[in-house]
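Read off the chains here:
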Amino acid sequence: MTSAKTLVVLSGGIDSVVLAHACKAEGREVSAIAIDYGQRHRKELEYAGRAAGKLNIDLTVADLGGYSRLMRGFSLTDADVTVPDEHYTRTGSVNVVPNRNPVFMTVAYAHAVLAGAQEMCLGFLAEDAATAPDTSPAFLTAFNAMEARALEGLADPPPRVTAPLLTLRKADVLRLGTELGVDWRETWTCFKGERFHCGSCASCHDRRNAFAEADLTDPTRYQR
């Protein structure tokens, strides 16, 4: 058991919520940060708050609302672009906002430094890099090297960025979360951010498929 001071980047989705539960279960001193970037599905921030409340951990919400105004032409950051109904977040999809993760990770990392965290944990999964190369092991290695150079002489040692779930598929994460007692109704996935999960966007398809693959009952209320 470890008491390492750990910052979890918490979106309110399945992966990051399970990650927060897992870190807490390991006996770490956990805090969390969520990113408000003016995203269409800002509803996820509500679910990040619910997870933090259940785990009794501090949650900081970083206000990057202006970011969405810079990233026009993508469904998550531009209200004029429709979220497509598709089975997967394919390469080149309007759902994929280029360079989003490095921007958010840099902001979160600065907070980790100021919070005195030894580790910053991300909920990246094994299949994510197929559509988002900024979630790959190679990217994490490069990001850590960049921050080590940026903080040379200022933080010794600098916080380490990790993705503890990186070898797992979403179905594996669902099984782990079930063991940890995660209430799946208290997680948000849908890109559209309406009252209920739409059931037809890429993220909802991934959620549905993962529950089926894990052979678990999906309690999510879908519009269709």
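Residues numbered from 1 in each chain as written. Predicted model: local features only at pLDDT ≥ 70, side-chain atom pairs only at ≥ 80, totals over all residues. Heavy atoms only, no water.

A. Representation of helix α2 (residues 43-55) in the model. The first and last C-alpha atoms of α2 sit 19 Å apart over 13 residues, in line with the 18 Å expected at 1.5 Å per residue. As for α2, its buried residues are in contact with α1 (14-25), β2 (29-36) and β3 (59-63). Two residues or fewer past α2, asparagine 56 is found with a positive phi of approximately 55°. (Helix = DSSP H or I, 4+ residues; strand = E, 2+ residues; numbered from the N terminus. Expected span 1.5 Å × (residues − 1). Contact = heavy atoms within 4.5 Å.)

B. Inspection of helix α5 (residues 137-150) at higher detail. For α5, built from 14 residues, the straight-helix expectation of 20 Å at 1.5 Å per residue is met to within 8% by its first-to-last C-alpha distance of 20 Å. Of all the positions in α5, only Phe139, Leu140, Phe143 and Glu147 are classed as buried. Each buried residue of α5 lies within a common arc of 100° when the element is viewed along its axis, so the set occupies one face. Of the residues in α5, the exposed ones pointing more than 90 degrees away from the buried face are Pro137, Ala138, Thr141 and Arg149. The secondary structure elements touched by the buried residues of α5 are α4 (100-115) and β5 (160-162). (Buried < 20%, exposed > 50% of the residue type's maximum accessible area, 1.4 Å probe, protein only. Arc of directions from axis to C-beta.)

C. Layout of the pairing of β3. Where β2 lies against β3, five bridges are found, and the strand directions are parallel. Bridged to isoleucine 33 within β3 is threonine 60. A crossover links β2 with its parallel partner β3, the connecting element being α2, and its sense is right-handed. (Pairing = 2+ DSSP bridges. Right-handed = clockwise from strand over helix to strand, strands pointing away.)

D. Representation of the packing of α4 against α5. Where α4 contacts α5, the axes come no closer than 12 Å and their chain directions differ by 45°. The orientation of α4 relative to α5 falls into the category oblique. Both α4 and α5 take part in a crossing whose hand is right-handed. Taken together, the residues of α5 that come into contact with α4 (itself represented by Pro102, Met105, Thr106 and Tyr109) are Phe139, Leu140, Phe143, Met146 and Glu147. (Axes fitted to C-alpha atoms, helices over the stretch in contact; angles between N-to-C directions. Parallel < 35°, antiparallel > 145°, perpendicular 65-115°, else oblique. Left-handed = near helix turned anticlockwise from the far one by under 90°.)

E. Quick look at the packing of aromatic side chains. The tally for this structure, following the rule as stated, stands at seven aromatic pairs. Ring plane angle 75° and centroid distance 6.2 Å describe the contact between tyrosine 37 and tyrosine 67, whose orientation is recorded as edge-to-face. Placement of tyrosine 37 in the loop between β2 and α2 and of tyrosine 67 in helix α3 (residues 67-70) is noted, with a sequence separation of 30 residues between them. A relative accessible area of 10% means that tyrosine 67 is categorised as buried. Geometrically, the ring pair formed by phenylalanine 139 and phenylalanine 143 is tilted, given 6.1 Å between the ring centres and 40° between the ring planes. Remark: phenylalanine 143 and phenylalanine 139 occur in helix α5; sequence separation between them is four residues, near one turn of the helix. On the basis of relative accessibility, which here comes to 4%, the residue phenylalanine 143 falls in the buried class. Every member of this aromatic cluster is reached through a ring pair, and the members are Tyr37, Tyr67 and Phe104. The lysine or arginine in question, arginine 50, covers the ring of tyrosine 47, its NZ or CZ lying 4.3 Å from the ring centre. Above the plane of the ring of tyrosine 222 lies arginine 208, whose end atom (NZ or CZ) is 4.0 Å from the centre. (Phe/Tyr/Trp six-rings, centres within 6.5 Å; stacked < 30°, edge-to-face > 60°. Lys NZ or Arg CZ within 6 Å of the ring centre and 35° of its normal.)

F. Layout of the nonpolar core. Residues Met105, Met120, Leu122, Leu140 and Val161 are the most contacted members of the largest nonpolar core, which totals 38 residues. Breaking this core down by element, the ones donating at least two residues are β1 (5-9), β2, α4, α5 and α7 (202-214). With five residues, the single largest contributor to this core is α4. When neighbours within four sequence positions are excluded, leucine 122 is seen to be in contact with Val9, Leu19, Met105, Leu140, Val161, Thr162, Ala163 and Pro164. The next biggest cluster of nonpolar side chains, apart from the first, holds 28 residues, and it includes Leu55, Ala171, Val182 and Ala210. (Core = buried A, V, L, I, M, F, W, Y, C linked by side-chain atoms within 4.5 Å.)

Functional significance is not addressed by these values, which are geometric in nature.
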